[in-house]
Amino acid sequence: MSHPADLNIDRIAELSRLALTPEEKARFSAQLGSVLGHIEQLAKVDVAGVEPTAHAFPLHNVWAIDVAQPGLAVADALRNAPSQRDNMIVVPKVVE
Amino acid sequence: MSAPLYFQTIAGLSAQLAAGRISSVELTQSVIARTKVVEPRVHAFNSFDEPDALTQAAASDVRRAAGESRGPLDGIPVGLKDVIAVSGQPLTASSKMLANFVSPYDATATENLQRAGAVLHGRLNCDEFAMGSSTENSAFGPAHNPWDLTRTPGGSSGGSAAALASGAAIATLGSDTGGSIRQPAALCGLVGLKPTYGLISRYGLIAYASSLDQIGPFARTVEDAAIMLGAIAGHDPRDSTSFKTEIPDYRAELKNRRGPWKLGIPKEYFGAGLDPEVGAAVEKAIAFYKSLGCEIREVSLPHTQYCLDAYYVIATAEASSNLARYDGIRYGHRSKEAKNILDVYQHSRAEGFGDEVKRRIILGTYVLSSGFYDAYYLRAQKVRTLIRQDFLSAYREVDALVTPTSPIPAFKLGEKSADPLAMYLCDIYTIGVNLAGLPALSLPCGFTASGLPIGLQLIGQPFREADLLATAHAYEQAHDWSKRRPAL
């Protein structure tokens, strides 16, 4: 198992899409270092031949009937949009 | 002298409503007046809509007068944790990210309570996105424990517990991902039930860790918890993890299912870190069950020491994925600093999320990142299999498990907030249940010398909530802890 020191906070912050301050990076690295130190215990468990559990009671092939259902009205769907115009959500320019 | 209306039970109040001795409007007014008195000190609510609650109460009275009452919850004020959607009302998850969000739809649990006639009354404070064990991670400030205002009510559903314990609701809903219903119930002297994964629809519940999250009730008594569970349980096609199973009449089954039960005492739950007063109260409860003729057997859940680690890998991994939706585009906070699209994501999230949410997103992103997935996430999922097998093997010998709910009674606000690991250790007795998907409840089993409530945890078998509730009911009938109310 890799060492907690491998937590490259700059890289992980970037992957997480979180603009962290230098102070936050230092603090979270230290705090998560102690949490990861604890989590290292998992390496001690013999998991040879053990299947992973994603859900305690997995259900497979849950189908919905393929019939159109009423959805949210446009006004309801846009009600919480931070910025909108003409029934559309406004975002910063993404192409020059 | 009988207790004020706001301190009574669903069972008692529904009988008075049915007999015409009180109206839902009177009851709701009593709860609202009480809320106004205690809320400045307890801070259990994120938002409250008095005219809306009174309109619902009046509608309940009209139904009852027309002979169309919908059952024991009709006209009863019920508060919801602020992660459960109510159409047209704020839904914040105690986060700046959703500070101005108004839900455009109802959760299934909300609809089910409305169908049962409950008066939905206020959205309750919690740790941000249900991440925490003290409500101190709320962006709107912590809730306070009604038994001692300098202490936490627990978390993450601390507002749900504090509101009920202080008389600002007759019952409440919370959500439990690692103990977030049971631990605050224990710390506030209430009954709190985490149902089997899949029994309650998660549709309209703000997602934290989807394979672990489950909605459940807080109540003053086991009977009230049974009434609440009956109202919200059941299959829902809008949640693909919702289970098709027969829903018994939980309240009626309290009387039908009698022991003696075979009870297992997992030895790993009574080790270092357990407060002596909590341990002694739990031992007394075990002795009580023995006096009922129950067979008490020590059992072992050998992977208990790995529960916390598996949980913090799996839960944070799922959280990092679930919370990716908060990108500042379609809803939620959008940074004013942002100049390009990447800025919108990074700054909106940095400004909108609090520290604990950021920590968990970072940890979750890390354990899922390339090169670490097998070592952390996949391994944690395999350990989860072993943890689940531990419980299922124990159930070949016993009907239920008896443990403390929380290793310690309510701690001081601020005591653990600087040390995430110390906070995480509050959940050591509750977390395994979520990983295994089992039902479990906490019920009051005593008080410390300084007057803080102590909780007993009963862990049951999948989809056998009726047996679990009956086991708890047998204890409650012989003790009066549940009748105590905080002086506030």
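The following refers to the structure shown. These numbers were taken from a predicted model, which means no experiment stands behind them. (Residues numbered from 1 in each chain as written. Chains lettered and ligands numbered in written order. Predicted model: local features only at pLDDT ≥ 70, side-chain atom pairs only at ≥ 80, totals over all residues. Heavy atoms only, no water.)

**Points about the overall build of chain B**
Secondary structure assignment for chain B yields 16 helices and eleven strands. At 21 Å, chain B has a C-alpha radius of gyration in line with the 23 Å of a compact globule built from 488 residues. Projected onto its principal axes, the C-alpha positions of chain B cover 65 × 55 × 45 Å. When the 488 residues of chain B are sorted by exposure, 67% land in the buried category. Pairs at least 24 residues apart make up 75% of the contacts formed inside chain B by residues separated by at least 6 positions. For chain B, the exposed surface amounts to about 15,400 Å²; the carbon and sulfur share of it is 51%. In chain B, 47 positive and 49 negative side-chain charges are present, and the distance between their average locations comes to 1 Å. (Helix = DSSP H or I, 4+ residues; strand = E, 2+ residues; numbered from the N terminus. Rg over C-alpha atoms; globule rule 2.2 N^0.38 Å. Buried < 20%, exposed > 50% of the residue type's maximum accessible area, 1.4 Å probe, protein only. Contact = heavy atoms within 4.5 Å. Areas by Shrake-Rupley, 256 points an atom, 1.4 Å probe, with all protein chains shown as cover. Lys, Arg positive; Asp, Glu negative; His and termini not counted. Charge placed at Lys NZ, Arg CZ, Asp CG, Glu CD.)

**Here we look at helix H4 (residues 108-115) of chain B**
Those residues of H4(B) lying buried are B:Thr108, B:Ala109, B:Thr110, B:Asn112 and B:Leu113. Two residues or fewer past H4(B), B:Gly117 is found with a positive phi of approximately 90°.

**What about helix H7 (residues 222-232) of chain B?**
Residues and elements named next belong to chain B. Within H7, nine of the eleven residues are buried, leaving the element largely enclosed by the surrounding structure. Within H7, the full set of buried residues consists of Val 222, Asp 224, Ala 225, Ala 226, Ile 227, Met 228, Leu 229, Ala 231 and Ile 232. Residue Gly 234 follows H7 closely and has a positive phi angle near 140°.

**With respect to the environment of B:Gly159**
Residue and element names in this part refer to chain B. Here Gly 159 shows up in helix H5 (residues 158-165). As a C-alpha pair, Gly 159 and Gly 174 span 15 residues in sequence and 8.8 Å in three-dimensional space. Discounting chain neighbours no more than four positions away, the residues touching Gly 159 are Ala 44, Leu 124, Asn 125, Thr 135 and Ala 143.

**Comments concerning the pairing of strand S10 (residues 440-447) of chain B**
All names here are of chain B. Within S10, eight of the eight residues are buried, leaving the element largely enclosed by the surrounding structure. Inspection of the sheet shows strand S5 (residues 191-194) paired to S10 by three bridges, in the antiparallel sense. From the neighbouring strand, Gly 192 faces S10, where its bridge partner is Ser 442. As judged from the seven bridges shared by S10 and strand S11 (residues 453-459), these two strands associate in the antiparallel manner. Residue pairing across strands places Ala 440 opposite Ile 459, the latter belonging to S11. Count of turn residues in the S10/S11 antiparallel hairpin: five residues, of which Gly 451 carries a positive phi of about 90°. (Pairing = 2+ DSSP bridges.)

**Brief notes about the packing of helix H10 (residues 307-322) of chain B against helix H12 (residues 355-368) of chain B**
All names here are of chain B. Two elements in contact, H10 and H12, have axes whose closest approach is 7 Å; the angle formed by their N-to-C orientations is 100°. With respect to each other, H10 and H12 are oriented roughly perpendicular. For the pair H10 and H12, contact is made by Tyr 312, Val 313, Thr 316, Ala 317 and Ser 320 and by Arg 360, Ile 361, Leu 363, Gly 364, Thr 365, Val 367 and Leu 368, respectively. A per-class count over the contact of H10 with H12 returns seven nonpolar, four polar and one charged. (Axes fitted to C-alpha atoms, helices over the stretch in contact; angles between N-to-C directions. Parallel < 35°, antiparallel > 145°, perpendicular 65-115°, else oblique. Nonpolar A, V, L, I, M, F, W, Y, C, P; charged D, E, K, R; others polar.)

**Points about the interface of chain A and chain B**
Each partner contributes residues to the interface: chain A has 54 residues there, and chain B has 69 residues. Here chain A packs against chain B, burying approximately 5,400 Å² in sum over the two surfaces, 69% of which is carbon and sulfur. Its largest share of buried area at the contact with chain B, chain A owes to A:Leu42, A:Phe57 and A:Asn80, together 13% of the area lost on that side. Linking chain A to chain B there are two salt bridges. Close ionic contact of B:Lys358 with A:Glu24 constitutes a salt bridge, the shortest N to O distance being 2.8 Å. Summed over the shared surface of chain A and chain B, the number is 23 residue pairs in polar contact (both at pLDDT 80 or more). Residue assignment for the side of chain A that touches chain B shows that the elements contributing at least two residues are helix H1 (9-15) and helix H2 (22-39) of chain A. Tallying contributions element by element places H2(A) first for the side of chain A that touches chain B, with ten residues. Residues of the side of chain A that touches chain B, tallied by class, amount to 32 nonpolar, eleven polar and eleven charged. (Buried area = accessible area lost by both parts, 1.4 Å probe. Salt bridge = Lys/Arg side-chain N within 4 Å of Asp/Glu carboxyl O. Polar contact = N/O pair within 3.5 Å; in protein donor to acceptor, adjacent residues only side chain to side chain.)

**Thoughts on the pairing of strand S8 (residues 295-299) of chain B**
Residues and elements named next belong to chain B. Of the pairings in the sheet, the one linking strand S7 (residues 262-266) to S8 comprises five bridges and is parallel in character. Bridge pairing in S8 links Ile 265 to Glu 298. Handedness of the crossover joining S7 and S8 through helix H9 (residues 276-291): right-handed. (Right-handed = clockwise from strand over helix to strand, strands pointing away.)

**Some words on the nonpolar core**
What tends to happen in soluble globular proteins is that the nonpolar side chains get buried as a cluster. All names here are of chain B. By size, the foremost hydrophobic cluster in this structure holds 142 residues, and its most contacted members are Leu 73, Leu 113, Phe 129, Phe 391 and Leu 469. For Leu 469, the residues in contact, after removing those within four places along its chain, are Leu 193, Val 222, Ala 225, Ala 226, Leu 229, Tyr 250, Leu 254 and Leu 441. The next biggest cluster of nonpolar side chains, apart from the first, holds ten residues, and it includes Trp 147, Leu 164, Ala 165 and Leu 190. (Core = buried A, V, L, I, M, F, W, Y, C linked by side-chain atoms within 4.5 Å.)

**Considering the pattern of salt bridges**
Residue and element names in this part refer to chain B. The full count for this structure, using the stated rule, is 20 salt bridges over all chains. Of the charged contacts in the structure, one is a salt bridge between Glu 50 and Lys 36, with a shortest N-O distance of 2.8 Å. Of the two residues, Glu 50 sits in helix H3 (residues 50-65) while Lys 36 sits in helix H2 (residues 24-42), which places them 14 residues apart along the sequence. We classify Glu 50 as partly exposed; its relative accessible area is 28%. Of the charged contacts, one joins Arg 238 and Asp 236 as a salt bridge, the two residues approaching to 3.5 Å between their closest N and O atoms. Classification of Arg 238 as partly exposed rests on a relative accessible area of 39%. Its relative accessible area of 4% is what places Asp 236 among the buried residues. Within this structure, Glu 253, Arg 257, Arg 464 and Asp 467 form a network of salt bridges that share partners.

**Notes on the sheet that holds S10(B)**
Residue and element names in this part refer to chain B. Pairing in this open sheet of eleven strands is mixed, and the strands run S1-S3-S2-S4-S6-S5-S10-S11-S9-S7-S8 from one edge to the other. Each having just a single partner strand, strand S1 (45-47) and S8 make up the two edges of the open sheet. Taking the axes of each pair of neighbouring strands and ignoring which way they run, one obtains an average angle of 35° across the sheet. Contacts from H9 reach S7, S8, strand S9 (400-404), S10 and S11 within the one sheet, and its direction differs from that of S11 by about 50°. Lying on the sheet, helix H16 (residues 465-477) is in contact with S5, S7, S10 and S11; it crosses S10 at an angle near 10°.

**A short note on unusual backbone geometry**
Cis geometry is adopted by the peptide bond preceding B:Ser156, which originates at B:Gly155 and carries an omega value of 5°. In this fold, B:Ser156 is placed in the loop between strand S3 (119-124) and H5. A positive phi angle, near 50°, is found at A:Asn61, a position not held by glycine. Locating A:Asn61 in the fold gives a position in the loop between H2 and helix H3 (74-78). Taking relative accessible area as the criterion, A:Asn61 reaches 63% and is therefore assigned exposed. Here B:Ala93, not a glycine, exhibits a phi torsion of approximately 55°, which is positive. Assignment of secondary structure puts B:Ala93 in the loop between strand S2 (77-81) and H4. According to the relative accessible area criterion, B:Ala93 is buried, its value standing at 0%.

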